[in-house]
Structure formats: structure tokens, C-alpha cells
Amino acid sequence: MREFAYDRAVDVVGALALLDADPDARFLGGGTNLVDLMKTGVERPARLVDVRDLPLDDIAVTADGGLRIGATVTNSDLAAHPEVRRRYPALAQAVLAGASGQLRNMATVGGNLLQRTRCGYFTDVTKPCNKRVPGSGCPAIEGEHHNHAILGASAHCVATHPSDMGVALTAFDAVVSYETADGPGELLLADFYLPVGDTPHRETTLPPGALITGVTLPPAEVAAHSRYRKVRERASYAFAIGSLAAALDVRDGVVHEARLAFGAVASRPWRAATAERVLTGASADAETFAAAADAELAAAKPLPHNGYKVTLMRNLVVAVLTELAEEAAR
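Residues numbered from 1 in each chain as written. Predicted model: local features only at pLDDT ≥ 70, side-chain atom pairs only at ≥ 80, totals over all residues. Heavy atoms only, no water.

Draft legend 1. Local environment of helix 12 (residues 286-297). Helix length check: helix 12 (12 residues) gives 16 Å between terminal C-alpha atoms against 16 Å at 1.5 Å per residue, within 8%. Those residues of helix 12 that sit buried are Thr 288, Phe 289, Ala 290, Ala 292, Ala 293, Glu 296 and Leu 297. Against the buried residues of helix 12 lie strand 10 (242-251), strand 11 (254-263), strand 12 (270-271), helix 11 (273-279) and helix 13 (308-329). (Helix = DSSP H or I, 4+ residues; strand = E, 2+ residues; numbered from the N terminus. Expected span 1.5 Å × (residues − 1). Buried < 20%, exposed > 50% of the residue type's maximum accessible area, 1.4 Å probe, protein only. Contact = heavy atoms within 4.5 Å.)

The structure is reproduced here in C-alpha cells:
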């Protein structure tokens, strides 16, 4: 590992100043992704600015009935919070589906949003990777890609985003707040992650030197009737091969509102807007759910060894929405 300097920030202004003073510095939250990448040589910061002591660890109900989640809230505290479990159960389930208890105790909300792909070519510095070294190529396209993207990929990168939490936040229209030396800003999570395009090394729209300070979930009655389902290759903690955050409001057998977001199928959490449009106003039955999944997955472009994800996601949508519709009918 490259030798690095370490500073612990005590306030947001100080954290920004420390980063601004060293162009090769990085913010450190729980370190559950960054430190791993430093050990393998993928990340080589000269300085780490520890932000865990910043006063950003609260979860509060907003005046309009949403939730404000501080950036240094741990994943464990997020999943256990009673208002998260009551208002956005899919978010709590998504967090609990990710990693182990020990990792959730360390990992932070802000860091989770910024975690990087687990593609084996990205994490192996002996291999080419456009995300790590722009212009070097994407060997996954012709190589090992069984858990790579089927939606929104490009000829330059087929890696997937690993976050479970981000999938649920995407379904509920989360807003990311940040601070820079020039002042505060906000980004819809839908606009936070960049399409992979021909610049896969550029992953977010955060301004240079920005510090994530929190995430706001707007009020959404439908979110109380939500579920997160994760499919993985082993029962113990592992990254998804496909996942779904879904919320459904059914009235008199008809879908009044639906929220869907897919995980592990694209370079970012994938909001299934086409499927939501098919569902809204239609009968809450398996035929409708399958049609909605098919409409969303019509854009899929699987590689030779990951086409199974199309069927997996279709079945996942039908199964989870059926469960939610049956609960609504009770």
C-alpha cells in the first residue's frame, strides 16, 4: 500500500479545507470500500481526511413527512431506525441485505453511494480497465461477465454498481446534499450517477472536492408498502446478481402507484420508469406485472454469459409485486 497522510476533520468547513489543500486527498468514511481498493493499488491517495466525527450522523423526520439521513449515519443505524422501517421498509431491507453485520457497523450512507464496482478486472491492476485506466479497454466484454450489466452499458464498460442501499433510495426519489468550498448543493439521485457512455471513469456528477452531507427522502405514502428482494449466489453475504426495490399502492384491484428500481444490472441503480408506466392504472395481477417487466427489459442487451439476468429480473418483478398486491388485498 502507498504511504499516506491522515487527518481527522472536526467540522465540514475544516474537512473541505483539508481536501482543498491536497489535490491527491480523499475523504474517508467507514473505509469498507476505499481501504480495500488502496490495498490492491486501485486507489492511491496521498492523504485521507477522516469525516466520521463530523456532526452528520442524525436521522430526522422532515416537516413534510420525509426523512433526512446524515452522511455519516452507519448502515446498521439506518436499517434499525424505527422511522426508516416504518416509512421506507424496502430501504431497511436493502441495507440489511448488504455486507455483514461488522461491515454495516462501519459503512456510512455517504460512502455507500460512492462505492465502486466489484468487477474483477477493475480491482486487478494487472488487467486493463477503462474505468481504472481510460482507454485501456474492457476485457469483461469478451471475458468473465456473468454478473455484469444488461442495461445501460456501452462498448467501453459493462460493470455493475454494487450498492443495495442505492437501489432503494433510487426507487424513492432520494436527493443527495453536499457541500463545496463555494457553498451547498443538491442532486437528485437520478442525476447523481452518470451514464457509462464512453467515460466510465467518471461515475458521478458531484463537483470536484464536494463532501456529501446527507440524503433526503421525500414523503411517499406508497413507500410504506415496499419490499427489497436480492438474489445472490450464496446465502451468506454476497453482492447481488439481481435485485429489486418495489413499492405498490393497489386500490380496488388497480395499481394506483408503483415504484421500481433494479440493482446489479447496470452501472448505476436502474429506475424502471417504463415498467412503472405500464403498471399505473392497470390491473394488479401477474399478467400486468409480467408485461411491465417485459417492457422494461426490452432494452436489455445481455452478453453471451449473463442473459440469465433478463429472466431472473422478470421473475423477480412478478414475484415481489404479486406479494405486495396480495398484502394490499388482505
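After presenting the structure, the write-up continues.
Draft legend 2. Expanded view of helix 13. Along its 22 residues, helix 13 runs 32 Å from first to last C-alpha, staying within 8% of the 32 Å computed at 1.5 Å per residue. All of the buried residues in helix 13 are Lys 309, Leu 312, Met 313, Leu 316, Val 317, Val 318, Val 320, Leu 321, Leu 324 and Ala 325. On its buried face, helix 13 sits against strand 9 (226-231), strand 10, strand 11, helix 11 and helix 12.

Draft legend 3. Up close: the pattern of salt bridges. For the coordinates displayed, the defined rule picks out 21 salt bridges. Two residues, Asp 53 and Arg 8, come together in a salt bridge whose shortest N-O distance is 3.7 Å. Of the two residues, Asp 53 is situated in the loop between strand 3 (47-50) and strand 4 (59-61) and Arg 8 in strand 1 (residues 5-8); the sequence distance between them amounts to 45 residues. The partly exposed category is assigned to Asp 53, whose relative accessible area is 46%. One network of salt bridges, in which partners are shared, links Arg 26, Glu 43, Arg 116, Lys 131 and Glu 203. (Salt bridge = Lys/Arg side-chain N within 4 Å of Asp/Glu carboxyl O.)

Draft legend 4. Molecular detail of the environment of Val 158. Note that Val 158 resides in the loop between helix 8 (120-123) and helix 9 (165-171). Considered as a pair, Val 158 and Ile 141 are 17 residues apart in the sequence and their alpha carbons are 6.9 Å apart.

Draft legend 5. Up close: a nonpolar patch on the surface. Side chains of Met 1, Phe 4 and Tyr 6 sit close together on the surface and give an oily, nonpolar patch of about 310 Å² of accessible area. Turning to its location among the elements, Tyr 6 is positioned in strand 1. For Tyr 6, a relative accessible area of 40% puts it in the partly exposed group. (Patch = residues over 30% accessible without salt bridge, like charges linked within 9 Å, V, L, I, M, F, W, Y side chains within 5 Å. Areas by Shrake-Rupley, 256 points an atom, 1.4 Å probe, with all protein chains shown as cover.)

Draft legend 6. Seen up close, the packing of aromatic side chains. For the coordinates displayed, the defined rule picks out two aromatic pairs. A ring pair is formed by Tyr 88 and Phe 172, whose centres lie 5.6 Å apart and whose planes are at 55°; its orientation type is tilted. Placement of the pair is Tyr 88 in the loop between helix 4 (82-87) and helix 5 (89-97) and Phe 172 in the loop between helix 9 and strand 6 (175-180), with a sequence separation of 84 residues. Of the two residues examined, Tyr 88 and Phe 172, each falls in the buried class. Ring plane angle 90° and centroid distance 4.9 Å describe the contact between Phe 192 and Tyr 193, whose orientation is recorded as edge-to-face. Residues Phe 192 and Tyr 193 agree in their burial class; the two are buried. (Phe/Tyr/Trp six-rings, centres within 6.5 Å; stacked < 30°, edge-to-face > 60°.)

Draft legend 7. Just the sheet that holds strand 2 (residues 25-28), in detail. If you walk across this open sheet you meet the three strands as 1-3-2, and the pairing is parallel. With partners counted over all chains shown, the strands left at the sheet margins are strand 1 and strand 2, one partner each. Taking the axes of each pair of neighbouring strands and ignoring which way they run, one obtains an average angle of 25° across the sheet. Sheet topology note: the strand 2/strand 3 ladder contains four bridges and is parallel. Note on strand 3: the bridge partner recorded for Phe 27 is Val 49. Packing of helix 1 (residues 12-20) onto the sheet brings it into contact with strand 1, strand 2 and strand 3, and relative to strand 2 it is tilted by some 150°. (Pairing = 2+ DSSP bridges. Axes fitted to C-alpha atoms, helices over the stretch in contact; angles between N-to-C directions.)

Draft legend 8. Summary view of the nonpolar core. Of all hydrophobic cores here, the largest spans 42 residues; its most connected members are Leu 78, Leu 91, Leu 113, Leu 169, Phe 192 and Leu 217. At six residues, helix 5 tops the list of elements feeding residues into this core. Ignoring any residue separated from it by four or fewer positions in sequence, one finds Leu 169 in contact with Leu 91, Leu 113, Ala 174, Leu 189, Val 215 and Leu 217. Among the nonpolar cores identified, the runner-up in size contains 32 residues, and Ala 246, Leu 248, Ala 290 and Leu 321 belong to it. (Core = buried A, V, L, I, M, F, W, Y, C linked by side-chain atoms within 4.5 Å.)

Draft legend 9. Structural detail: the state of the cysteines. One pass over the structure, following the stated rule, counts zero disulfides. Distance from the sulfur of Cys 119, which forms no disulfide, to the nearest cysteine sulfur (Cys 129) is 6.0 Å. Look at Cys 119 and you get buried, because its relative accessible area is 8%. Overall, Cys 129 belongs to the buried group, its relative accessible area being 7%. (Disulfide = S-S within 2.5 Å.)

Draft legend 10. Focus on the packing of helix 12 against helix 13. Orientation of helix 12 relative to helix 13, taken along the N-to-C sense of each, is 145°, at an axis distance of 9 Å. Handedness of the helix 12/helix 13 crossing: right-handed. Between helix 12, through Ala 286, Phe 289, Ala 290, Ala 293, Asp 294 and Leu 297, and helix 13, the contact on the second element is made entirely by Val 310, Met 313, Arg 314, Val 317, Val 318, Leu 321, Thr 322 and Ala 325. Broken down by class, the residue content of the contact of helix 12 with helix 13 amounts to 11 nonpolar, one polar and two charged. (Left-handed = near helix turned anticlockwise from the far one by under 90°. Nonpolar A, V, L, I, M, F, W, Y, C, P; charged D, E, K, R; others polar.)

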